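Single-letter residue listing:
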Amino acid sequence: MLGFGVDRLQADINRLLTSLFHQGVLDEQFLQLQQLQDETSPTFVYDVINIYFDESEKLLRSLRLLLMDREFSDYKKIGLHLNQLVGSSSSIGARRVRNVCVAFRSASELNNRPGCLRGLEIVEHEYHYLKNMMHELFQLEQQRLLAAGVRYPM
Amino acid sequence: MVCEMETDQIEEMDVEVLSSMWPDDVGTQADNQFNVEKPAGDSDTLKEVDIAEKRTMADLKRLPELLNTTDQGSSQLTNLVRQWEYMQDHAVRLLREELKILTRQREEAEAKELKIIEEHNFETEEPESVPVLDETSHLFRRFRQKKRDELVDSKRVVIDEEFDTVAYWKQKALSLEKMLEASTERERRLIEKLNESLKTMESHSAPVEELTQNLKRAEGFLHFILQNAPIVMGHQDKDLRYLFIYNKFPSLREQDILGKTGVEIFHGGGVKESEDFKREVLEKGKASKREITFETELFGSKTFLIYVEPVYNKAREKIGINYMGMEVTDQVRKREKMAKLREDNAVRKAMESELTKTIHITEETMRAKQMLATMSHEIRSPLSGVVGMAEILSTTKLDKEQRQLLNVMISSGDLVLQLINDILDLSKVESGVMKLEATKFRPREVVKHVLQTAAASLKKDLTLEGNIADEVPILVVGDVLRIRQILTNLISNAIKFTHRGKVGIKLKVISEPSFASDKEQNETSVWICCDVYDTGIGIPENALPCLFKKYMQASADHARKYGGTGLGLAICKQLVELMGGQLTVTSQVNLGSTFTFILPYKVATSDDHSDDQDEFSDMVDHHQPEPDDTTEGYFQFKALLGSIYSNGGPVMGSNFLPHKAMLTSPIKLINGSVADPSNSSGQSQTVQVENGGYMDESESAHQYGNGNGHRCSYKESESCSSSQASSEMESELTVSSPREEEKTETEVKETSQPKILLVEDNKINIMVAKSMMKQLGYTMDIANNGVEAINAVKDTSYDLVLMDVCMPVMDGLKATRLIRSYEESGNWDAAIEAGVDIKTSESEQGCERSTDRLPIVAMTANTLAESSEECYANGMDSFISKPVTLQKLKECLQQYLQ
């Protein structure tokens, strides 16, 4: 187990990443993030993604509140939130979240409330999917690190 | 006898009464009498006769017959009337004759009677004494009396007859008397009848009138119908001579037509045809219709629908034809128009379907192209990742072999990237997405830089030269990037196919070419002809036509030998044409080729440098434009063989970073300035050394391998410079020119750490960018919005600002505008006006600082042309599309931190 775990975990990670890339959940920008991770910041990706989730959570909550309000009309604010979300999503390479956000944004630009509600739902769905996937990825990564750590002294 | 007569009369009366159908009790006796006295009965009989006569004369059956027999149909009515009158006259004459005959008969009869009486008298002379005489005289008297209608006498005769003396005479006298009586009676009747007839003749002028009216009505009807009908009717005899014509267009009189044939009357088109047609009908004996267009002097061009039928006489012999023509010119015209329209319609439909097909094909092609572009884009992104990573890898510590492998990797990646960029460019041009930008630039510099860049990667013993005619304006307006792209393409192409000799660019002003559309030309535009010539292998004539086609090379051999995609020239041509110019080529095998492109430019005024934003002028003479540099017309560069890896040579830029190579000023042969005397190696860094204040930047550039990627050589320094090294690897690039202040890379790094400001509101983006900067060896300050950015710029002198466009509080565009306004005016009034809280305490220092243009690079999520235009319009120098990658960031830093 000690010896084989790393390779298997690495293969799992690769497979997961491949499938995420294949589905378009992630894009090459995520690789950029991974590149930026080095000895000086070994948990860079994890940190960034975590911050991303924190920020996005807030934004999504705010968006939901805004849209749930019956007398709501502040599409501009929605647009600003979405800009943030689009920007950070594209920065970490969360392509699908970014794309659905863009669609959501165009609905908000048209003051299309049903479109916005639907957009929000899709964004939330994509967001949660991404979060789950990332969670899985980081768990695998952690296990791999552990496994690698175990193996290293040998 | 009297009784007989009376009964006769009574019978007549009865008949009369019956015939009149009057009942007996109607009317008085006098009425009856009156009726009897009226010649009603006679008139009745006469009427019957009359009617019979009238029928025969005015028989309508005779009308067509008349029409057939009359020569002049138009005068039929007069003829009819004349005939009628004639016949009436005839009837009168006949009656008169009859009357005459009757009168003569009567006279004869009277004469006879007289003779008989005389005879009788003579015979009775003898027995005069006999009372018979009395009787005979009585008889005679009675006859006379009777003749005078004296009924009293006849009574007496009856009484006399009873007297029986001589049987023979008596018998004879009786029979004679009877004959006479009958004759008299007949005579009387006839006279009566004649009188009646004469009377009714007058009264029966009524039927004539009736008939005339009928005829008039018929004529009126016909006239009414035909009055405005465009109809010609006629009858022609066997020789096709007109016997009758009715013409709505009576341009000819009857006598001009009648008795003549059509050919004799008209001249012109259609006459012969109609004549032939009539003859044909006459021969065949079958009625038919035909449309004939006449082109006659008489009535111009008219089309008639002609109906012709043969006419037979009673013996079934053809005697002529009837023809009827209706003018249908308008209808024919309409019909022809319709036919034409229908034809047009059909043609249009065919064209439409053809077009649809073409559109379909085009759409397919476009889709394919789009797909190609998309795919290219999709490939480019990961590939740039690969190349970028390889580049990062090359910055780490590697052994020689690894480095070499990595170099191959990077250059291959670059090649593929270049190819993909080409494809993208091409599809952009083809789909019309590519937009040209108008910027001011100096053609001389462009040529110089292109040559410099080319020389940088030159591995052949070639001379590169540039020759610009004096009349070429110093500053023109055009899309400098595209023009540079064209020049670079052509030059690299020329170098590729040239093994010895030279490759050069020649610029000259020409007059407006013929293909130019004159509408867009004005006095400020100038046509510049650019020749890119070489002494290479040349192009065979048969390969010229497909030279500019995509993916085509002169031959398969060439493709193998020289590589390349064959896209370069196609892109060049499309770009040139997009800019309204023309690209042509002349070539001789083994002697060389010359590619010539002609482009229109607007002449810019060279005095306002503030607007001069193009990258070359920014880089070359951002601070103090070198006066000579702008006007010099000749450059020469030479490649240095064997310089790779050798020591002492200046840095050689790698070819995928073209802007790196633009720093060096070439040695000008014109002013004959040789190397700086103080510079023993004769190195061509003279200008840079002399050009103080420019030094630091160039040095800082070296650290990224932005060396002067070429040798600027001239004859005297050739041997020297040929020993200089160049390397394609950035990490090994060293500033090896024998300058006084030689520094190692690290030293440079330490002393001139550039100050960078990132303006960005998104935490994630900040994190990522910061990490990337760290990887590239920089640190940077962060501002979260435009206001913070302005304050930061005010307080610190930055070398580069990376500005997000979309931000809360104040967006990047506005912030940039305000910073630019500060640079121009030297104060922050505009910013204060815009509501930015300027901290005045520290601002003094900021105000004093030089107002050099601060490079501001936009970071935008949108890479579309509109967005880039917006960025430029707001004073930004460039833009990076989001998401920011290491590669993009690095290129940007290399471009601006020199």
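Residues numbered from 1 in each chain as written. Chains lettered and ligands numbered in written order. Predicted model: local features only at pLDDT ≥ 70, side-chain atom pairs only at ≥ 80, totals over all residues. Heavy atoms only, no water.

Some remarks on the overall build of chain B
This is how the line gets drawn: In DSSP terms, a helix is any run of H or I states spanning at least four residues, a strand is any run of E spanning at least two, and both are numbered starting from the N terminus. Three exposure classes are used, based on accessible area relative to the maximum for each residue type with a 1.4 Å probe and protein chains only: buried under 20%, partly exposed in between, and exposed over 50%. Contacts are assigned to residue pairs that have any heavy atoms within 4.5 Å of one another. In these tables, accessible area is a Shrake-Rupley quantity obtained with a 1.4 Å probe, and a residue counts as shielded only by the protein chains included in the view.
In terms of helices and strands, chain B carries 31 helices and 19 strands. Burial status across chain B gives 42% buried among its 898 residues. Once local pairs closer than 6 in sequence are excluded, the contacts in chain B between residues at least 24 apart make up 70%. Carbon and sulfur atoms make up 54% of the accessible area of chain B, which totals about 49000 Å².

Some points on a nonpolar patch on the surface
Residue and element names in this part refer to chain B. Put simply, the test is: Patches here are clusters of residues that have more than 30% relative accessible area and form no salt bridge, with a 9 Å joining cutoff for like charges and a 5 Å cutoff for nonpolar side chains (Val, Leu, Ile, Met, Phe, Trp, Tyr). A carboxyl oxygen of Asp or Glu within 4 Å of a side-chain nitrogen of Lys or Arg is what we treat as a salt bridge.
A contiguous nonpolar surface patch, about 460 Å² in accessible area, is contributed by Phe221, Leu222, Phe224 and Ile225. On the secondary structure map, Phe224 appears in helix α9 (residues 205-226). Relative accessible area serves as the criterion here: at 63%, Phe224 is assigned to the exposed category.

Brief notes about helix α15 (residues 443-456) of chain B
Keep this limit in mind: One fewer than the residue count of a helix, multiplied by 1.5 Å, yields its expected span.
Look at α15(B): 20 Å from first C-alpha to last across 14 residues, which is about the 20 Å you get at 1.5 Å a residue. Burial analysis of α15(B) places 14 of its 14 residues in the buried class, the great majority of the element.

With respect to the packing of α15(B) against helix α16 (residues 480-496) of chain B
Helix-helix packing is characterised by the crossing angle of the two axes and by the distance between the axes. Residue and element names in this part refer to chain B. Rules: Lines are fitted to the C-alpha atoms to define the axes, a helix being fitted only along its stretch in contact, and any angle between axes, read from their N-to-C directions, falls within 0 to 180 degrees. Throughout, the term roughly parallel applies to angles under 35 degrees, roughly antiparallel to angles over 145, roughly perpendicular to angles from 65 to 115, and oblique to all others. By convention, the crossing between two helices is left-handed when the near helix turns anticlockwise from the far helix through less than a right angle, and right-handed when the turn is clockwise. Any residue outside Ala, Val, Leu, Ile, Met, Phe, Trp, Tyr, Cys, Pro, Asp, Glu, Lys and Arg is labelled polar, Gly included; the first ten of those are nonpolar and the last four are charged.
Contact pair α15 / α16: the axes reach a minimum separation of 10 Å and the direction vectors enclose 40°. Considered as vectors, α15 and α16 are oriented oblique to each other. Crossing of α15 over α16 shows right-handed handedness. Residues Val446, Val447, His449, Val450, Leu451, Thr453 and Ala454 of α15 form the contact with α16, whose participating residues are Val480, Arg484, Leu487, Thr488, Ile491 and Ile495. Of the residues contributing to the contact of α15 with α16, the split by class is nine nonpolar, three polar and one charged.

Re the interface of chain B and chain A
As a reminder of what qualifies: We define buried area as the total accessible area lost by two parts upon association, computed with a 1.4 Å probe and summed across both. Any pair of N or O atoms that falls within 3.5 Å is considered a polar contact. Within protein, one atom must be able to donate a hydrogen and the other to accept it, and sequence-neighbouring residues count only if both atoms are side-chain atoms.
Each partner contributes residues to the interface: chain B has 21 residues there, and chain A has 23 residues. Of the roughly 2000 Å² buried between chain B and chain A on both sides combined, carbon and sulfur atoms contribute 57%. Note that B:Lys763 is salt-bridged to A:Glu55, the shortest N-O span being 2.8 Å. Along the contact surface separating chain B from chain A lie six residue pairs in polar contact (both at pLDDT 80 or more). Counting residues per element, the side of chain B that touches chain A draws most heavily on helix α25 (residues 763-776) of chain B, at nine residues. Per-class residue counts for the side of chain B that touches chain A are ten nonpolar, seven polar and four charged.

Concerning helix α12 (residues 271-284) of chain B
All names here are of chain B. The line we're drawing: Along the arc lie the directions from the helix axis toward the C-beta atoms.
With 14 residues, α12 extends 20 Å between its outermost C-alpha atoms, agreeing within 8% with the 20 Å of an ideal straight helix rising 1.5 Å per residue. When α12 is considered as a whole, its buried residues turn out to be Val271, Ser274, Glu275, Phe277, Lys278, Val281 and Leu282. The arc that holds the buried residues of α12, viewed along the axis, is 160°, so those residues lie on one side. Seen from the buried face of α12, the exposed residues on the opposite side, beyond 90 degrees, are Lys272, Glu283 and Lys284. Looking at the residues trailing α12, positive phi occurs at Gly285, about 70°.

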